[in-house]
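# Topology and contacts: notes
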Amino acid sequence: MELFFSNIFKDAVNWSPKIATAVAILFGFYLLAMLVKKIINSNAKRLEVDQNIVGMISKISGVIITLFGVITALGTLGVNVSAIVAGLGLTGFAFGFALKDTISNVLSGVMILIYQPFKTQDQIKVAGFEGVVTNIDLRYTELNGEQGRVLIPNKKMFTDPIVVLNKDNQCQD
């Protein structure tokens, strides 16, 4: 029994620097993720960027930095991270392929929010629908028109021709 406790104590002494280093790395990457989020949010307010885009970029950057921290900490502990990195790559590819339409809509929504070919309260005509834009989300653009409330996927809004009309139904110059 004494040999058992002696081996546990010896292993604890040998592993404690690695565990302390891994915890320090995780904490450092966590602080870095918080700092990057804060920088993104403060610069976005200064530059007056749409809050939907800011929130998405902030969350994605935080997750990516934290993921790098976890992988680095595992590597410090002696775990072979090449298999984890390869697995993340394959998982990302599978998710991207499975969610290609959703990802296309989200990226199109980001492009619409950045380039602003139309804004809320503009009257537009697209894909056989005409109405006033009431909301531009990351996935859909919402129109209110004669047909009622219409949700048009942003992929369609980004690829189809859009006619932007003013309140008198005249094309804008």
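See above for the structure.
The sections below set out a description of the structure shown in this document.

### Regarding the nonpolar core
Judged by nonpolar contacts, the single largest core of 15 residues is most densely connected at Phe 118, Ile 124, Leu 143 and Met 157. Secondary structure elements with two or more residues in this core: helix H4 (100-115), strand S1 (123-126), strand S2 (129-136) and strand S4 (148-153).

### Some details on the pairing of S2
Here 4 bridges tie S1 to S2, and the two strands are oriented antiparallel to one another. Looking across to S2, one finds that Lys 125 is bridged to Glu 130. As consecutive antiparallel partners, S1 and S2 are separated by 2 residues, and within that stretch Ala 127 has a phi angle of approximately 50 degrees, a positive value. Relative to strand S3 (residues 140-145), S2 runs antiparallel, the two being bridged by 4 bridges. Within S3, the residue paired with Val 133 across the bridge is Leu 143.

### Describing unusual backbone geometry
The phi dihedral of Gln 116 is positive, around 45 degrees, even though this residue is not glycine. Taking the relative accessible area as the measure of exposure, Gln 116 reaches 42% and is therefore partly exposed.

How each quantity is defined
- Residues numbered from 1 in each chain as written.
- Predicted model: local features only at pLDDT ≥ 70, side-chain atom pairs only at ≥ 80, totals over all residues.
- Heavy atoms only, no water.
- Core = buried A, V, L, I, M, F, W, Y, C linked by side-chain atoms within 4.5 Å.
- Buried < 20%, exposed > 50% of the residue type's maximum accessible area, 1.4 Å probe, protein only.
- Helix = DSSP H or I, 4+ residues; strand = E, 2+ residues; numbered from the N terminus.
- Pairing = 2+ DSSP bridges.

Purely spatial values, then, with no claim about function.
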